[in-house]
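Residue-level structural notes
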Amino acid sequence: MPRPDPEQPPAHDAHLHAATLKRLEQSSGRLAANAIARMDESLPWYRAMPPENRSWIGLVAQAGIAAFTEWFRHPETPQAISTDVFGTAPRELTRAITLRQTVEMVRTTIEVMEAAIEEVAAPGDESLLREALLVYAREIAFATAQVYAQAAEARGAWDARLESLVVNAVLSGEADEGAVSRAAALGWNSPEHVCVVLGTAPDGDSELTVEAIRRAARHAKLQVLTGVLGNRLVVIAGGSDNPLQVAKGLIGPYAAGPVVAGPVVPDLLAATRSAQAAAAGLKACSAWQDAPRPVLADDLLPERAMAGDPAARDQLVEEIYRPLEEAGSALLETLSVYLEQASSLEGAARMLFVHPNTVRYRLRRVTDVTGWSPSDVRSAFTLRIALILGRLAAADPQS
């Protein structure tokens with residue numbers, strides 16, 4: 001007499017499973033309807049959704065129950081649950097429904113199916129159906145996490161490309177309304193004060209560097225658009241009218257070397273001016289070996305002018321030379337003589353045939369007019385360069 005094959009279920013078990021499978025197939029539509037009714041009753045966010053999204057969720061619930069039926073029919077065959085279940089809905093659904101909401105939807109559907117086990121399973125097959133449902137619930141949970149992880153990765157990659165486009169447009173002087181729209185899609189809500197900070201990017205994974213900038217920005221309560229372009233780490237920061245403070249708050253992720261903050265501008269469209277000043281400052285920073293870190297691009301005006309930056313030359317003339325010229329020839333003459341006399345009050349007074357107190361008063365006026373103090377070595381250097389550029393501009397009829 002042949003021995004029974006242990007791999008083959010007894011005939012009565014196979015009959016029970018077939019009966020349960022048939023009942024499950026017949027009940028799938030009703031179970032899906034019950035799951036939808038339970039969601040409508042217990043999930044406020046589901047009731048508030050547009051009809052189109054609710055219909056997609058209904059299809060997902062039906063697909064989930066159909067996938068479980070196939071799971072029960074062939075428990076030994078690996079099932080592509082994420083494709084079978086979530087493939088029925090459009091990819092945009094992962095944006096409309098959060099992961100938490102999807103978990104609630106899956107939990108509700110599983111609960112409805114679990115409550116119907118006694119009714120659906122053939123007598124004696126209840127335990128087997130319950131165990132199969134538990135295993136399926138575990139797999140559907142993993143599939144849910146995978147779908148949202150893939151969607152997050154896709155969004156992250158797309159957002160990174162979008163952000164790179166915005167940063168590059170600002171740096172290259174091509175920022176337009178399109179760049180503003182792309183920035184808005186990334187969460188940039190048009191802060192009033194914007195500046196650009198430039199420095200050397202560290203070696204290694206640029207994504208880790210960008211994430212470090214984001215953490216620093218959150219701590220400093222700043223909005224940022226950032227990216228690594230070549231060997232430069234570029235940060236467009238919004239939310240503060242103090243560019244030096246912004247740079248200090250974000251300096252951690254930068255590699256060793258100078259970090260330059262451009263001037264504050266009103267919005268993203270004007271950020272090109274800040275970026276160009278910061279880039280010129282980064283290029284000229286090697287000429288000021290004792291420059292602080294970070295440093296303002298405006299503090300590097302003389303080095304930028306000598307390196308050929310036309311914006312720096314114009315700024316020195318317009319913000320220093322022209323105001324002194326308009327304030328009267330006495331200020332220009334006194335400043336020039338004072339600088340030529342190695343910053344000596346007495347020497348300047350002798351050359352001008354005035355009292356030293358008169359020189360001292362005029363120098364205070366120079367500070368008031370320009371914001372630069374002739375008695376400070378660094379400021380005196382800046383004033384000297386501004387005088388030279390101003391005279392050259394005045395002598396050039398084309399200026």
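Residues numbered from 1 in each chain as written. Predicted model: local features only at pLDDT ≥ 70, side-chain atom pairs only at ≥ 80, totals over all residues. Heavy atoms only, no water.

1. Description of the packing of aromatic side chains
All chains considered together, the criterion is met by 2 aromatic pairs. Centroid distance Trp 45 to Tyr 46: 6.3 Å. Interplanar angle 85°. Geometry classified as edge-to-face. In this structure, Trp 45 and Tyr 46 share a single accessibility class: buried. Against the face of Trp 288 rests Arg 378, its NZ or CZ located 3.5 Å from the ring centre. (Phe/Tyr/Trp six-rings, centres within 6.5 Å; stacked < 30°, edge-to-face > 60°. Buried < 20%, exposed > 50% of the residue type's maximum accessible area, 1.4 Å probe, protein only. Lys NZ or Arg CZ within 6 Å of the ring centre and 35° of its normal.)

2. Here's the deal with the pairing of strand E1 (residues 194–200)
Most of E1 sits inside the fold, with 6 of its 7 residues counted as buried. Where E1 meets strand E3 (residues 232–238), 7 bridges bridge the pair, whose relative direction is antiparallel. Bridge pairing in E3 links Val 194 to Gly 238. (Helix = DSSP H or I, 4+ residues; strand = E, 2+ residues; numbered from the N terminus. Pairing = 2+ DSSP bridges.)

3. Observations concerning helix H12 (residues 271–284)
Given a rise of 1.5 Å per residue, 14 residues ought to cover 20 Å, and the 20 Å separating the end C-alpha atoms of H12 matches this to within 8%. Among the 14 residues that make up H12, 10 are buried, leaving the element largely enclosed by the rest of the structure. Among the residues making up H12, those that are buried are Ala 271, Thr 272, Ser 274, Ala 275, Ala 277, Ala 278, Ala 280, Gly 281, Leu 282 and Ala 284. (Expected span 1.5 Å × (residues − 1).)

4. Focus: the packing of helix H3 (residues 51–73) against helix H6 (residues 99–115)
The N-to-C vectors of H3 and H6 enclose an angle of 50°; their axes lie 11 Å apart at closest approach. Taken as axis vectors, H3 and H6 run oblique relative to one another. Relative to H6, the crossing made by H3 is right-handed. Between H3 and H6, the contacting residues are Ile 57, Val 60, Ala 61, Ile 65 and Phe 68 on the first element and Met 105, Thr 109 and Met 113 on the second. Residues belonging to the contact of H3 with H6 are distributed by class as follows: 7 nonpolar, 1 polar and no charged. (Axes fitted to C-alpha atoms, helices over the stretch in contact; angles between N-to-C directions. Parallel < 35°, antiparallel > 145°, perpendicular 65-115°, else oblique. Left-handed = near helix turned anticlockwise from the far one by under 90°. Contact = heavy atoms within 4.5 Å. Nonpolar A, V, L, I, M, F, W, Y, C, P; charged D, E, K, R; others polar.)

5. Details of helix H17 (residues 356–370)
The end-to-end C-alpha distance of H17 is 21 Å, a good match for the 21 Å that 15 residues give at a rise of 1.5 Å each. If you check which residues of H17 are buried, you get Val 359, Leu 363, Val 366 and Thr 370. Projection of H17 onto a plane perpendicular to its axis shows the buried side chains occupying an angular sector of 50°, all on one side. Those residues of H17 hidden inside the fold are in contact with helix H14 (310–326), helix H15 (329–340), helix H16 (345–352) and helix H18 (377–395). Of the residues flanking the end of H17, it is Gly 371, one or two places downstream, whose phi is positive at about 85°. (Arc of directions from axis to C-beta.)

6. Here's the deal with the packing of H14 against H15
At a minimum axis distance of 6 Å, the contact between H14 and H15 shows a crossing angle of 125°. Classed by the angle they form, the pair H14 and H15 counts as oblique. Packed against H14, whose contacting residues are Tyr 321, Leu 324 and Glu 325, the element H15 presents Leu 331, Leu 332 and Leu 335 at the interface. Looking at the contact of H14 with H15, its residues break down into 5 nonpolar, no polar and 1 charged.

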